[in-house]
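Structural overview for review
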Amino acid sequence: MSNKWFRAASIRAIKTVAQTALASIGAATVINEVDWKYVLSASVMSGILSMLTSVRGLPEVKEE
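Keep in mind that what you see is a predicted model, and the values were worked out from it rather than measured. (Residues numbered from 1 in each chain as written. Predicted model: local features only at pLDDT ≥ 70, side-chain atom pairs only at ≥ 80, totals over all residues. Heavy atoms only, no water.)

**Some points on the pattern of salt bridges**
Evaluated as defined, the whole model comprises one salt bridge. Taking the shortest distance from any N to any O, the salt bridge between Glu60 and Arg12 comes out at 3.0 Å. Residue Glu60 is located in the segment after α2 (36–54), and its partner Arg12 is located in helix α1 (residues 3–30); the two are separated by 48 residues in the primary sequence. You can call Glu60 partly exposed: its relative accessible area is 38%. (Salt bridge = Lys/Arg side-chain N within 4 Å of Asp/Glu carboxyl O. Helix = DSSP H or I, 4+ residues; strand = E, 2+ residues; numbered from the N terminus. Buried < 20%, exposed > 50% of the residue type's maximum accessible area, 1.4 Å probe, protein only.)

**Considering α1**
Structurally, the α-helix is built with 3.6 residues per turn, so residues lying three or four positions apart point the same way. With 28 residues, α1 should reach 40 Å at 1.5 Å per residue; the first-to-last C-alpha distance of 41 Å fits that figure. Every buried residue of α1 is listed here: Trp5, Ala8, Ala9, Ser10, Ala13, Thr20, Ala21, Ser24 and Ala28. Looking at the buried side of α1, the elements it contacts are α2. Positive backbone phi, approximately 70 degrees, marks Asn32, located one or two places after α1. (Expected span 1.5 Å × (residues − 1). Contact = heavy atoms within 4.5 Å.)

**Description of the side chain of Ser50**
Looking at where Ser50 falls in the secondary structure, it is placed in helix α2. Among residues more than four places away in sequence, those in contact with Ser50 are Arg12, Ala13 and Thr16.

**Remarks on α2**
Along its 19 residues, α2 runs 27 Å from first to last C-alpha, staying within 8% of the 27 Å computed at 1.5 Å per residue. Residues of α2 that are buried include every one of Val39, Ala42, Ser43, Ser46, Gly47, Ser50 and Ser54, and no others. Each buried residue of α2 sits inside an arc of 140 degrees when the element is viewed along its axis, so together they form one side. Turned more than 90 degrees away from the buried face of α2, the exposed residues are Lys37, Leu40 and Leu52. On its buried side, α2 packs onto α1. (Arc of directions from axis to C-beta.)

Okay, here's the thing in structure tokens:
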């Protein structure tokens, strides 16, 4: 895996973490209580899963 792949996969993972955090906070706000441990654990897990999914290949990184 190249530096280009790692950069692209990291950007995807960061976006996924942010989206998960926003969705978790938004959903928790509706029920009037944000469980920050849940938000953090769900966000970190989504980032890890994003990186693992990227191992299969990324469209923005051309295979050589």
